[in-house]
Amino acid sequence: MSSIQRPPVRIDRGRSTGDVLAGILAMAALAALLLGVPFALLTFFGSPIPHKLPSTETLTQRLDATALMHVLVIVVWLAWIQLTACVLVEAYAGIRGVGVPARVPLAGGPQALAHRLVVAALLLFTATTAVMPVITGVRSTHIQQHVTPQHREPPRTAEPAADQDQGQSQDNPALMEKNAVRKIYRVRPPAGRHHESLWEIAEKCLGDGRRYREIYSLNKGKLQPDGTRLTMASLIRPGWVLDMPADATHVEIIDKGPHDGQHEHGVPHSQVPGGVHHHGYVNTEQQAVEAARHAAQQEARDDRADREAGRPPIDEGPDVTVPGDPAQGPPAQQPPAQQPPAHTPRHERPPEQEPTGQPSVHAPAFGWPQELAVASLLAAGLLAGLGRRRREQLWRRAFGTMIARPEGEAATAEHALRLGADTEATRLLDLGLRQMSAALAADDRTLPTVYGVHLGADSLDLWIAPADRNPPAPWQEYDNGQVWRLSMTALDGMATADFADVLAPYPGLVSIGTNETGRILVDLEAAHGLIALHGPDDVRRAVLAAVAVELATNRWSDHMRITLVGFDEELALVAPDRIRVVRSLAEALPELEGRSEEVRQALAASGADSVLTGRCRGVFGEAWMPHYLIMAEPPTSEEAERLVALARTGQRMAAGYIVAGDTPGATWTWDVAADGRLRAGVLGFDVDAQLVPEPHYRAVVELFRTAGRTEGVPYGDPDDPPPATPLGGETQPAVDIRLLGPIEIDAPEPLDESRRAICTEVLVYLATHSEGVHPTVLGGAVWPRGVSASVRDATVARVADWLGRDSRGRPNLYYDERGRIRLGSEVRVDWETFRWLIWRSAAEPASELAYMAYALDLVRGRLMDGRPRGRYGWLASEDFEYEATARVADVAHRLALMKLDEGDARGAVAAARAGLRLAEGDEGLWRDLLRATHATGDAAQLRDVVDELRGRVAADPYTDQMQPETEALVDELLPQWRGVAAGGTG
């Protein structure tokens, strides 16, 4: 101890002289209000308590000046009492660190004043939570990281110039023990909806959230300053003082008291249990996915061990645990042998011991792609493009195979896209702009210049110049015609087909980011010149990649050309019909200059005064298709001069140019900071930029590469056991889950409607994993952004209550002996029944037709139709969606062919129709339907089918025409169909 000099207590560097002065003034103001006011009232007006009760005369006589003064004095006393209560409430909340203070009735203004004064006064002390250790006799000698609930600046660690010996003691646990000091962490008050957890504290202070068990062990049962004790790892409170392991950072170092070595129950601080507590906290996307990955790997090891030992899969043991059952307790109260492992620390399993099987949850190498999840329009465009590619895969796949699904980082990227995609907003932008153009053209008016768009939760705003107070219905004007607004519900009943002949008026609209109220888009063409983007290279490139991907996949444009300079050639896979990647600007300039001249000639030939007029009136349509240049590298001086001369025009030229770096002569200059904040110069926009960092767009490219694979992937494994036998016809299921169509669940118990969406998703996930699911895997799938174990377990308990019990009194949802959540034997899932029927059809050829017909009777519509936006993203990492579509299409195709061979054309029509209910985009089934309908000899019905097929193709904004094979078949069966189509009867 003599060799180490203890530094004195340091004042937090976050306090300035102004803070200290404000604290002193606040203390003086509090003293004047709390002590000075009553002293003055008592001195000048005496006690407010009357010596005797007032008589009737006193209450009815006229008020004089003396009586009025007495009334005012009483009012002042009441105000003082109210203010005193506010000060006491605020001081209690600040000192105890309980988070949001209690509200004093009818004291909005006084309590706000009291809050400011108390906060300023408490800043004079080391910290508001530091008052608690003073009460309990703990003396702080050094603060490495200071925790102040009222201080809003980011936490800071000690300076590198701190005492060298002190730094050595922090890194040397033995030296710390010798010096009789310990490390503590003070739990912070909540910020908004965020509450600190042991996982988060371990992640921050120990470098690994999985070490939360050590913190829990050190503090279990320890008396905290508020008189409570730590009993559950998932429940900690603001203001608690937690002992930390010797290697912790970002903590406070204090002297050990005489009883600091042990808890009251005698467990040394150094003892760490080998087991894993059931209530671990997973509160971030990456932690959720990582924990789920480890749990999935544990499941794979369990399954492999069972198979090697010859043990059958566990169905229901004699002792099952019902989630949330008060009679049996939660899983955390099970015997140690039945505790499910939440995770396995990295240091306990070397990398080479990783299981070779693919887990059901894929952990990304680059972290959760939040940028993709928040880019709602970009995500919708990418998913639409993927859908088109996958339909082409379906058309080319062989019988008995499903299309290839993405894995790893690509699957995680698609998960994020599914969570964030906003197809309704995309539809509003597309149809709204086309409807406006059509309405203005009908009135012989031209389109306004739109320089910015705001897309909110329930409306679309166009910022136009110059102002126009006469928008077409259903648009409305605001701000004296500077804003045209369209409500989200204004286009109900309209469809893309209604505006099939209307050219996209503003194809250059692209998202630049979001603010507090919605998404901001800018029209690249409105610059009439070059747009220069400044900022750090990696952030700048991420902004430009986002612009390129959204332009290439958006729905509110028609044909366009996008030339990319300085990007990987692989990015063209996203939209090869739109994107061209070149190595240098010199390679792109000739095409850009030629395109500009074509637009000038079209303007002269058409008589249109601008590109907007040409698009609005629909003349020379191809002439107004835009060409955009996006350049990730700054141009050379010669290239810049040539590009500026090309870009700077006096009118809109169906072109846009955005380049990286400082380019002299640029019309607009945008700046993006390292934190992702983008400021759009003269436009006045200040937004959180839309970004697609390099790892994320590489994952997106891999998605499209996978979607381009033409070879199918066999579904099912011949060595897999047969599907579970469904309930007999005489046995009614306790629970019926239907997924082959809109999601429908028949359960015996009631459920709060406000919780139905999340409980339904949990149940659907369990229904598609008949082998059972570990709770951590379930949490990582259903709550990809993170969830506490307590919230997850409470939701599972609600689902268990909803499902109730079967005919023998057993729970319909339970934990098996390995800690997995499973559905009971009397829960029927239509997908499992479908699989069993198809398996039986192969096993009993004599009854094949009947079994396949029974299976198709289960198909009611599109798979899991009606899923709410932002949910079920986990389907991207599962085979279910791909396998179900392929199996249903194959069964319908085979049954239709068998029915035709038997001469049952009507039966073949029914089989094809059944398959199309779920796989409506499978043109192989449409061809089956055409052949079967033709076989009935009903020419009128055949024309109806052709018209129906044409209508489906026209309704899809991403489908240009039917497949050549389908078109050839229609030509053969109905030669006059093209004339019928031209005549408009279709």
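Residues numbered from 1 in each chain as written. Predicted model: local features only at pLDDT ≥ 70, side-chain atom pairs only at ≥ 80, totals over all residues. Heavy atoms only, no water.

Chemist: Which parts of the structure should I look at to understand the overall build of the protein?
Modeler: Along the protein, the regular secondary structure elements total 30 helices and 27 strands. Here the protein holds 986 residues, and the buried ones make up 52% of them. Excluding contacts between residues fewer than 6 apart, the proportion of contacts in the protein whose partners are at least 24 apart in sequence is 72%. As displayed, the protein has an accessible area near 45,100 Å², and 54% of this comes from carbon and sulfur atoms. (Helix = DSSP H or I, 4+ residues; strand = E, 2+ residues; numbered from the N terminus. Buried < 20%, exposed > 50% of the residue type's maximum accessible area, 1.4 Å probe, protein only. Contact = heavy atoms within 4.5 Å. Areas by Shrake-Rupley, 256 points an atom, 1.4 Å probe, with all protein chains shown as cover.)

Chemist: I'm lost on the confidence of the model for the protein in this one. Help?
Modeler: Low pLDDT means the predicted atomic positions in that stretch should not be read closely. With 75% of its residues at a pLDDT of at least 70, the protein reaches an overall mean of 77. The secondary structure element of the protein with the lowest average pLDDT is helix α5 (residues 131–136), at 32, and the one with the highest is strand β12 (residues 519–523), at 95. In this model, residues 310–322 is a region of pLDDT below 50 whose contacts with residues beyond four sequence positions or in other chains number 28 contacts. Between residues 324–366, whose pLDDT stays under 50, and residues either more than four places distant or in other chains, the model counts 89 contacts. (pLDDT = per-residue confidence, 0-100.)

Chemist: Any chance you could explain the nonpolar core here in plain terms?
Modeler: One finds Ile-737, Leu-813, Leu-823, Phe-834, Leu-856 and Leu-930 to be the most contacted residues of the largest nonpolar core, which totals 80 residues. Ranked by residue count, the leading element in this core is helix α25 (residues 880–901), at nine residues. When residues no more than four places from it in sequence are discounted, the contact partners of Leu-856 are Phe-834, Val-888, Val-891, Ala-892, Leu-895, Ala-911, Ala-914 and Arg-917. Residues Ala-375, Ala-548, Ala-660 and Ala-689 belong to the second largest nonpolar core, which totals 66 residues. (Core = buried A, V, L, I, M, F, W, Y, C linked by side-chain atoms within 4.5 Å.)

Chemist: Could you clarify how one ought to interpret the sheet that holds strand β27 (residues 827–829) in this entry?
Modeler: In sheet architecture, strand pairing relies on hydrogen bonds along the backbone and comes in two forms, parallel and antiparallel. In space, the three strands of this open sheet follow the order β23-β22-β27, with mixed pairing throughout. The two strands at the open ends of the sheet, each matched to only one other strand, are β23 (744–746) and β27. Adjacent strand axes in the sheet meet at a mean angle of 10° when their direction is disregarded. Pairing analysis gives three bridges linking strand β22 (residues 735–738) to β27, with the strands arranged parallel. Looking at β27, one finds that Asp-736 is bridged to Arg-828. (Pairing = 2+ DSSP bridges. Axes fitted to C-alpha atoms, helices over the stretch in contact; angles between N-to-C directions.)

Chemist: Can you help me understand unusual backbone geometry in this one?
Modeler: Most of the time, phi is negative for any residue but glycine, and the peptide bond is trans. A cis amide bond links Ala-465 with the next residue in sequence, Pro-466, at an omega value of -5°. Within the secondary structure layout, Pro-466 lies in the loop between β8 (459–465) and β9 (476–478). Pro-474 follows Ala-473 through a cis peptide bond whose omega is 5°. Looking at where Pro-474 falls in the secondary structure, it is placed in the loop between β8 and β9. Phi angles above zero are rare outside glycine, and His-250 is one such case at about 60°. Structurally, His-250 can be placed in the loop between β3 (241–244) and β4 (252–255). Despite not being glycine, Asn-480 has its phi angle at roughly 55°, a positive value. Relative to the elements of secondary structure, Asn-480 occurs in the loop between β9 and β10 (483–487).

Chemist: I'm lost on helix α8 (residues 198–206) in this one. Help?
Modeler: Burial runs high along α8: seven of the nine residues are buried. Of the residues flanking the end of α8, it is Gly-207, one or two places downstream, whose phi is positive at about 85°.

Chemist: Please explain the environment of Asp-671 as it appears in this structure.
Modeler: Note that Asp-671 resides in strand β18 (residues 668–672). In this structure, the C-alpha to C-alpha distance between Asp-671 and Leu-533, residues 138 residues apart in sequence, is 5.8 Å. Other than its neighbours up to four places away in sequence, Asp-671 contacts His-534, Arg-677, Leu-678 and Arg-679. Within the structure, the side chain of Asp-671 is placed 3.3 Å from the side chain of His-534, a separation counted as a polar contact. (Polar contact = N/O pair within 3.5 Å; in protein donor to acceptor, adjacent residues only side chain to side chain.)

Chemist: Just to check I follow, could you spell out the packing of aromatic side chains for this structure?
Modeler: This model, assessed by the stated rule, comprises nine aromatic pairs. Where Trp-831 meets Phe-880, the ring centres are 5.5 Å apart and the plane angle is 70°; that geometry is what we call edge-to-face. Taken together, the residues span a long stretch of sequence, with Trp-831 in helix α23 (residues 830–843) and Phe-880 in helix α25 at a distance of 49 residues. Look at Trp-831 and you get buried, because its relative accessible area is 5%. Exposure remark for Phe-880: the relative accessible area of 7% places this residue in the buried category. (Phe/Tyr/Trp six-rings, centres within 6.5 Å; stacked < 30°, edge-to-face > 60°.)

Chemist: Teacher, can you tell me more about the pattern of salt bridges here?
Modeler: Note on pairing: side chains with opposite charge can pair once their charged atoms come close. Applying the stated rule across the entire model yields 60 salt bridges. Between Lys-222 and Asp-243 there is a salt bridge, and its shortest N-O distance comes to 3.1 Å. On the criterion of sequence distance, the pair formed by Lys-222 in the loop between α9 (212–219) and β3 and Asp-243 in strand β3 is long-range, its members being 21 residues apart. The exposure classification of Lys-222 matches that of Asp-243, with both residues buried. If you follow the salt bridges from partner to partner, you end up with Asp-568, Glu-570, Glu-694, Arg-698, Glu-702 and Arg-705 in one network. (Salt bridge = Lys/Arg side-chain N within 4 Å of Asp/Glu carboxyl O.)

Chemist: What's the story with helix α12 (residues 376–396) in this structure? I'm lost.
Modeler: Think of an α-helix as turning once every 3.6 residues; residues three or four places apart then point the same way. With 21 residues, α12 ought to run about 30 Å at 1.5 Å a step, and its terminal C-alpha atoms sit 30 Å apart, in line with that. The element α12 is largely enclosed, with a buried count of 16 among its 21 residues. (Expected span 1.5 Å × (residues − 1).)

Chemist: Help me out: how do you make sense of the packing of helix α13 (residues 409–420) against helix α19 (residues 694–707) in this one?
Modeler: If you want to describe how two helices pack, look at the angle between their axes and the distance between the axes. Closest axis-to-axis distance for the α13/α19 pair is 8 Å, and the angle between their directions is 100°. The pairing of α13 with α19 is recorded here as roughly perpendicular in orientation. Taking contact as the criterion, the partners of Glu-409, Ala-410, Ala-413, Glu-414 and Leu-417 in α13 are, on α19, Ala-699, Glu-702 and Leu-703. Of the residues belonging to the contact of α13 with α19, the class tally is five nonpolar, no polar and three charged. (Parallel < 35°, antiparallel > 145°, perpendicular 65-115°, else oblique. Nonpolar A, V, L, I, M, F, W, Y, C, P; charged D, E, K, R; others polar.)

Chemist: Can you help me understand the pairing of strand β11 (residues 509–514) in this one?
Modeler: Taken residue by residue, a regular strand's side chains alternate between the two faces of the sheet. Counting buried positions along β11 gives five out of six residues, so the element sits mostly inside the fold. Pairing between β11 and β12: five bridges, direction antiparallel. Paired with Gly-513 across the strands is Ile-520, a residue of β12. Turn length for the β11-β12 hairpin, with the two strands adjacent in sequence and antiparallel, is four residues. Pairing of β11 with strand β20 (residues 686–689) involves two bridges; the strand directions are antiparallel. Paired with Thr-514 across the two strands is Asp-688, which belongs to β20.

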